[in-house]
Amino acid sequence: MAYADSEARRGGGRNAVTLLEVKDLTVSFPTADGTVQAVRGVSFTVDAGRTLGIVGESGSGKTVLTQTLLGLTPGGEISGTADFDGTDLLAITEDQMRKIRGAQISVIFQDPLTSMHPLYKVGWQIEEMIRAHDKSVSKAEAKDRAVDLLRRVGIPRADQRVNDYPHQFSGGMRQRAIIAMALSLSPRMIIADEPTTALDATVQAQILDLLQKLQEESNTALIMITHDMGVVADIADDVMVMYAGRAAERATKQDIFYAPHHPYTKGLLESIPNSSARAERLKPITGQPPSLIRLPSGCKFHPRCAYVMDRCLTEEPSLRPVGEDGFHSSACWLPTAAAGLGERAEEIRIKTVREERSEAAAGIAEGIASAPASPRGA
Amino acid sequence: MGVPGAERTAAQQADGQPAPRPESDDDILIRVENVVKHFPVKSIGFTRRTVGQVHAVDDVSLTIPRGKTLGLVGETGCGKSTLARCVAGLIPVTSGRVLFEGNDLSRLSRRQMQPYRREIQMIFQDPYGSLNPRQRVGSIIGEPFAIHRMASGGERKRRVQELMERVGLNPEHYNRFPAEFSGGQRQRIGVARALALRPKLIICDEPVSALDVSIQAQVLNLLADLQDEFGLTYLFIAHDLEVVRHVSHAVSVMYLGRLAEAGPKEPVYETPRHPYTAALLSAAPAADPNTAASRQRIILVGDVPSPIDPPPGCRFHPRCPKARQLCSQEEPQLEVKAGDPVTHVTACHFPVEAGENLAAAGSRESGI
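Visitor: So what's going on with the overall build of chain B? Residues and values would help.
Guide: The helix and strand inventory of chain B stands at 13 helices and 12 strands. The globule rule puts the C-alpha radius of gyration for 368 residues at 21 Å, and the 22 Å found for chain B is close to it. Each principal axis of the C-alpha atoms in chain B carries an extent, and together these give about 70 × 50 × 50 Å. Taking the contacts inside chain B whose residues are at least 6 apart along the sequence as the reference set, 65% of them involve residues at least 24 apart.

Visitor: For the domain arrangement of chain A, give the residues involved together with the corresponding values.
Guide: Interface size, as often reported, equals the accessible area lost upon joining of the parts. Residues and elements named next belong to chain A. Taken domain by domain, chain A holds domain 1 (2-243) and domain 2 (261-370). Listed by partner, the interface residues are 12 residues for domain 1 and 13 residues for domain 2. Within the residue set of the side of domain 1 that touches domain 2, elements represented by two or more residues are strand S2 (34-47) and strand S9 (238-243). Per element, the largest residue contribution to the side of domain 1 that touches domain 2 is five residues, and it comes from S2.

Visitor: Account for the interface of chain B and chain A, naming residues and giving values.
Guide: Taken together, the contacts link 37 residues of chain B with 46 residues of chain A. Counting residues per element, the side of chain B that touches chain A draws most heavily on helix H7 (residues 213-230) of chain B, at seven residues. Across the side of chain B that touches chain A, the residue classes break down as 18 nonpolar, nine polar and 10 charged.

Visitor: Go over the sheet that holds strand S6 (residues 120-123) of chain B with me, naming the residues and quoting the values.
Guide: All names here are of chain B. Taken together, the eight strands give an open sheet; going across it, the order is S6-S7-S8-S3-S9-S10-S12-S11, and neighbouring strands pair in mixed fashion. The open sheet terminates on both sides in strands that have one partner only, identified here as S6 and strand S11 (335-336). One ladder, built from two bridges, connects strand S10 (residues 258-264) with strand S12 (residues 345-346); its direction is antiparallel. If you follow Glu261 over to S12, its bridge partner there is Thr346. Running at roughly 175 degrees to S6, helix H6 (residues 183-195) makes contact with S6 and strand S7 (201-205) of the sheet.

Visitor: How would you explain the sheet that holds strand S2 (residues 50-65) of chain B if you had to name every residue and give the values?
Guide: All names here are of chain B. Pairing is antiparallel in the open sheet, where four strands are placed in the order S2-S1-S4-S5. What marks the edges here is a single partner per strand, and that holds for S2 and strand S5 (103-104). Strand direction decides the pairing type here: strand S1 (residues 28-42) and strand S4 (residues 95-100), joined by five bridges, are antiparallel. Considered in S4, the bridge of Arg31 is made with Leu99. Across the sheet, helix H2 (residues 80-88) lies against S1, S2 and S4, angled at about 120 degrees from S1, the strand it touches most.

Visitor: I'd like to hear about the domain arrangement of chain B, residue by residue, with values.
Guide: Residues and elements named next belong to chain B. Taken as a whole, chain B is organised into domain 1 (25-248) and domain 2 (274-364). A straight line from the C-alpha centre of domain 1 to that of domain 2 covers 29 Å. Domain 1 puts nine residues into the contact, and the matching count from domain 2 is seven residues. Class assignment of the residues belonging to the side of domain 1 that touches domain 2 gives a composition of four nonpolar, three polar and two charged.

Visitor: Any details on the packing of helix H4 (residues 137-147) of chain B against helix H5 (residues 153-166) of chain B? Residues and values, ideally.
Guide: Residues and elements named next belong to chain B. Relative orientation of the contacting elements H4 and H5 amounts to 115 degrees, with a least axis distance of 9 Å. With respect to H5, the element H4 is oriented roughly perpendicular. Relative to H5, the crossing made by H4 is right-handed. Contact residues: H4 offers Gly138, Ile141, Gly142 and Phe145, while H5 offers Arg156, Lys157, Arg159, Val160, Leu163 and Met164.

Visitor: Give me the lowdown on the environment of Ala354 of chain B, citing residues and values where you can.
Guide: Residue and element names in this part refer to chain B. Along the chain, Ala354 falls in the loop between S12 and helix H13 (358-364). Accessibility expressed as a C-beta count within 10 Å gives 7 for Ala354, which makes it exposed. Each C-alpha atom, one on Ala354 and one on Gly153, is 62 Å from the other, the two residues being 201 residues apart in sequence.

Calculation rules
- Residues numbered from 1 in each chain as written.
- Chains lettered and ligands numbered in written order.
- Predicted model: local features only at pLDDT ≥ 70, side-chain atom pairs only at ≥ 80, totals over all residues.
- Helix = DSSP H or I, 4+ residues; strand = E, 2+ residues; numbered from the N terminus.
- Rg over C-alpha atoms; globule rule 2.2 N^0.38 Å.
- Contact = placed C-beta atoms within 7 Å.
- Domains from an automatic or database assignment.
- Nonpolar A, V, L, I, M, F, W, Y, C, P; charged D, E, K, R; others polar.
- Pairing = 2+ DSSP bridges.
- Axes fitted to C-alpha atoms, helices over the stretch in contact; angles between N-to-C directions.
- Parallel < 35°, antiparallel > 145°, perpendicular 65-115°, else oblique.
- Left-handed = near helix turned anticlockwise from the far one by under 90°.
- Buried ≥ 20, exposed ≤ 12 C-beta atoms within 10 Å, placed from the backbone.

Dropping the structure here:
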C-alpha cells in the first residue's frame, strides 16, 4: 500500500529532493499582556513526494508555524529562514509571496464551510484561482479545468455540480472542492491544516485516501498538521511532535510510534484509548499546556513530566539525535537509550531519573504523581 | 450530600405523581421503546405549510442497565443527539415511550417531569458554549440546587466546593469565571454541574471531542471513577469509536435515524455484522502505523443521504458494498443473526460473515 511505497522511496536516500528547509524559525506576537512566544526556534525539512506530519495540542504552535511560511501571520515578529527551492519565504515581498501562495504552495484549512465564499459558485471560486495566477487562461478554459479538477477529487456529476453554491455541497464534498482548489495550479507542496477534523470517520477515510492518491500521482510534498495520532499513523512518512512552540521530537513514523524518546510523545501515545489497553485506566498527561506568555523555566514540559530531573528546571534541551539513523531526534535530557515503550527503556529512564534528581525536581515529580487527573487520591 | 430515596418519593407524591411501581426487571434503569422523532419542514412564506418531515429518529429501542454505560455511535445527522434529547425529556417524542425506572416520561407534563429532571443530567460537547461566560463557577455548579430549591447559602457553597474538589478543580476558584479555565477544566465544571443533584443517569453528548488527547484521557478517567463511586449510568454519545470502546459496556450503532446494530461491546467491535458498522470501524484511524498499513479500509461511496427523504428499504443501501435488490425494497428488522449471542442484533438482510473482505467489494463501486 501507500506506506510500503514510501518506504521504498526512502531506500533511495533520505534527502533525495529537499523542497523546503526551515531553519530556526521563531515567531512571537506582542500583546498587551506580554509577548506570545508562539514558535521558538523550529527547524525541519520536507522532501518532494513525502508527507511530514506535525502533531501537537492546541497552542503548540503548529498552525502559526505553517501560516508564517505563507506570510499569513501579520503582526508577528519573525526570525529564521525558510528555503523553498532556493527562495527564502521569510525574506520575500508580498508580491513575490502572492506568486508562490496557491501556485507553488497551497493550503487546505480545517473548516470546509468557512474556507469558501458562500455567495459564489464552487466552480467560479476554482476558476478565479486559476485566472488570478494566469491571465492568459480564458474563462471557458478555466471552467473546463474546474470541472476536471472536481472530477479528479471524486465529485459525482462534476459538470453540473460546478454550478452549485457551497451550501449545496455536504461537508465532505466541500472539503473535496477545497482540495480541488488547492490542486488547481499543480502546487509542489500542500499544507493541510487539520483537513479532516470537522469530518465524520467514513468521510475522513475518503479524504485521506484521496490525498494519498493525489500525492502519489503528482509527487507533491505534503505537510499534514493534526492533533490526531491516528491520522498521522495513516498518512505521514515523518513526524514532528510540537510542544509549547518547539519541536519536542522528530522521527520517522515508525520511530515516533514504536520508539518514542520524549516523555511528551510517550504521554500522547499512552493517553489514546486503544483496543490493546481497553480494560485498563487511561494514562493521561497531568496538568495543562503552559501559557505561551508565561512559559516555565528550563524544559517547557517539566511541570507535567514524570521523569523530571534537576537540569530540566533550568536548562532547555534542544533537538539532538537519539537514534541510529541520525534523523530521530528528541529535545530531552534523558539518555539516548531511553527511547522506546518497553520495560528496558523504562528501567533506563527510572535509573537516570533517580541519579539526576534532588529535592526540587523530586517535589515536582511528587506533585505530578498525586495530581488531580484522578481526584480519588486527593 | 444528595437526596435520600425516601425524600425523593415524597416529593413525587406531593406533585401528584405515584411512587415508582415495583419493577419486574429492577436492573434496567432506562428503557427506550420504539421512539420516533420527526421534525416538520415548513415552507417558506406566509402559509408556512408543513411540506415534509425530518426523520431524525425512527423507531429506536434500547435499554441501559443500572450502573452501565451504553455507547451510541454514528455520523453527523444520524439522530444520536436527538435521541439523547428525547431521553433527557428536553424535546417531546413523536411517538414511542421512554421508561425511566418503569415510568413513562414521554407522557408527563412539564410539572410532572420536574422530579425526573433531577435524575437525568447532561454533559455537553462544547465546554465553551455550555457555560454562561458571565456566571461565576460557583453559581454555575450551584444552579441545579437553586432550581430545585435544595441547598442555599453556606450549605450550597459547601456542596459546590465538595463537587469541585471531587472533579479535580481547586475549590478556591469558586468565584472565578469560565474564561479563566482551560477547556479540560471547563469540562470538569460541566461534570460537576451534572453531578450536583446526584442523578442516576448522565447523558454525555460528545463530552471529550473538543478536548486535546492528553486532557481527554483525564476526563474519561474521571467519568469512569464517578461511575464506580456513585453507581452512575451513562448514555455516552461520541463519534470516536475508540473512546466509545473504552468507556462502554454495550454499543448501539445508528444510521440515518435507525439502529443498524446493537449489542455488547466485544461482539460488535470484534465481529461486526452490519456492513455500516464494519465500514465505520475500518475507517476509524488507528494510532498504530502497522495496523494502519495492514488494514483493509472499507471506503464508503458518497455521503449520508438527507433524513427528510430517507432511501426506501434499508437506509444504508445506496452506500452499501453488499447491497442487492431486496435491500432497496424491504426494510430489514433488528434481529439476532446466526451464530451471534442473543443480545447482539443487526438490521441487515445480508450480514457480514466472518472473514469476508468488504474492502474489495467497496472499491469495485468507488467510481460511482
